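Architecture and fold: a report
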Amino acid sequence: MANHSPLAGRLITALAVLWLSVASPAYAIQPNEVLTDPALEARARDIGRELRCLVCQNQSIDDSDADLARDLRVLVRQRLTAGDNDRQVIDYVVSRYGDFVLLRPPVKPETWALWFGPALIGGGGLLAMALYFRRRSRASATEETSLSDADERRIARLLEDGRG
Amino acid sequence: MTAVAARGLMRRLPYLLPLALFVILAGYFWIGLGKDPHEIPSPLIDKPVAAFSLAALEGRERGFTSQDLIGQVSLVNVFGSWCVACRIEHPFLMQIRREGLVPIYGIDWREKDRQAGPLWLAQHGDPYALVGDDPDSHAAIAFGVTGAPETFIVDAKGIIRYKQVGPITAEVWEQTLWPIIRRLQAG
């Protein structure tokens, strides 16, 4: 077994990649929570991925094993079954827990700094760099033409001498 | 500022600006480090309590509904027999009850076993006017609860006025809760 052929090695790598790519992420959703209607369940999953588990904070309620996350998953499904649309379900949870429960913060005046700050700082940096280089190249360009008459005459004389 | 000094500052600006930005960001992060991430600002302050109705604990007649909160200033306390920090504040709740300062309503949250809540209250004393059993977080989610203990001050109209995250201590009571309650009771 010590000397695999290169082909066998490549085959094993390919299989490993294939295996990893078909493996699905582990959800904390229990079988008894899943709705019988696949369309509703799919919507519940979409909503669950957007909602933060308030106990562990860096997981969605779909990923979290916390009891409160389970109760929120059940609540989402109850409201969907009762006929709420996705927006209404999310608004219901936000009305109780605030924007913090959303894993993707909404764009509004309070969060403008968060959404546009990086672009603004990066853009400002690029602008400063562009200005800096333009000024430098212009400065060197004006230097070339700003030789005094005396200098011009000296250069002409030196060139003459060099030729002679 | 003289013209020369101003020009000197302008020339140094490209170097000072990153430093200024760093200081501002470091300030934000420094403040952020000192904050408790579990203290989430509640959007429910100054909003009416959402309607809920909890069943009675085993062996008791009455549960606890949102209607019970209308008519007087009250405390709503979320607890559980599994909650260690609840034990810390429990003697304090007993004292509030003894002194008759404000009625306390209890939400017995997420008991795995229906006996656990009544047993815990029998052991440690019952400071509550009414207690409801909330195994599936119905009332807890209505109050936007993220952990136990949490305590809410609800005014006579059933509007949430304050949210206390974590156990009530003498300090929290004296400096925060009691002044609010007294003001609401007077108003």
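Side note on the domain arrangement of chain B
The accessible area lost on association of the parts is a frequent measure of interface size. Domain annotation of chain B identifies domain 1 (1–35) and domain 2 (53–186). Here domain 1 of chain B and domain 2 of chain B have C-alpha centroids that lie 49 Å from each other.

Side note on the nonpolar core
With 43 residues, the main nonpolar core has Leu-72 of chain A together with Phe-64 and Phe-143 of chain B as its most contacted residues. For this core, the secondary structure elements donating two or more residues are helix H2 (38–50), helix H3 (67–81) and helix H4 (86–97) of chain A together with strand E3 (74–79), strand E4 (104–109), helix H4 (138–142) and strand E6 (150–154) of chain B. For this core, the element with the highest residue contribution is H3 of chain A, accounting for six residues. Residues within four places of Leu-72 of chain A in sequence aside, it is in contact with Leu-54, Ile-61, Val-93 and Tyr-97 of chain A together with Ile-141 of chain B.

What to know about the pattern of salt bridges
Applying the stated criterion across every chain, the model contains 19 salt bridges over all chains. For Arg-104 of chain A, the salt bridge goes to Glu-50 of chain A, with nearest N and O atoms at 2.8 Å. Remark: Glu-50 of chain A occurs in helix H2 and Arg-104 of chain A occurs in the loop between H4 and helix H5 (112–145); sequence separation between them is 54 residues. A residue is classified by how much of its surface remains accessible, and Glu-50 of chain A, at 24% relative accessible area, is partly exposed. Taking the shortest distance from any N to any O, the salt bridge between Arg-110 of chain B and Asp-67 of chain A comes out at 3.6 Å. Of this pair, Arg-110 of chain B sits in the loop between E4 and helix H3 (116–124) while Asp-67 of chain A sits in helix H3, each in a different chain. Owing to a relative accessible area of 12%, Arg-110 of chain B belongs among the buried residues under this scheme.

Quick look at the pairing of E6 of chain B
All names here are of chain B. Where burial is concerned, most of E6 is hidden: five out of the five residues are buried. Side chains Glu-150, Phe-152 and Val-154 project from E6 onto one buried face, and the interleaved Thr-151 and Ile-153 project onto a second face that is buried too. Pairing geometry for E3 and E6, over five bridges, is antiparallel. Residue pairing across strands places Val-76 opposite Phe-152, the latter belonging to E6. In terms of strand pairing, E6 meets strand E7 (residues 160–165) through five bridges, oriented antiparallel.

Cut-off values and rules
- Residues numbered from 1 in each chain as written.
- Chains lettered and ligands numbered in written order.
- Predicted model: local features only at pLDDT ≥ 70, side-chain atom pairs only at ≥ 80, totals over all residues.
- Heavy atoms only, no water.
- Domains from an automatic or database assignment.
- Core = buried A, V, L, I, M, F, W, Y, C linked by side-chain atoms within 4.5 Å.
- Buried < 20%, exposed > 50% of the residue type's maximum accessible area, 1.4 Å probe, protein only.
- Helix = DSSP H or I, 4+ residues; strand = E, 2+ residues; numbered from the N terminus.
- Contact = heavy atoms within 4.5 Å.
- Salt bridge = Lys/Arg side-chain N within 4 Å of Asp/Glu carboxyl O.
- Pairing = 2+ DSSP bridges.

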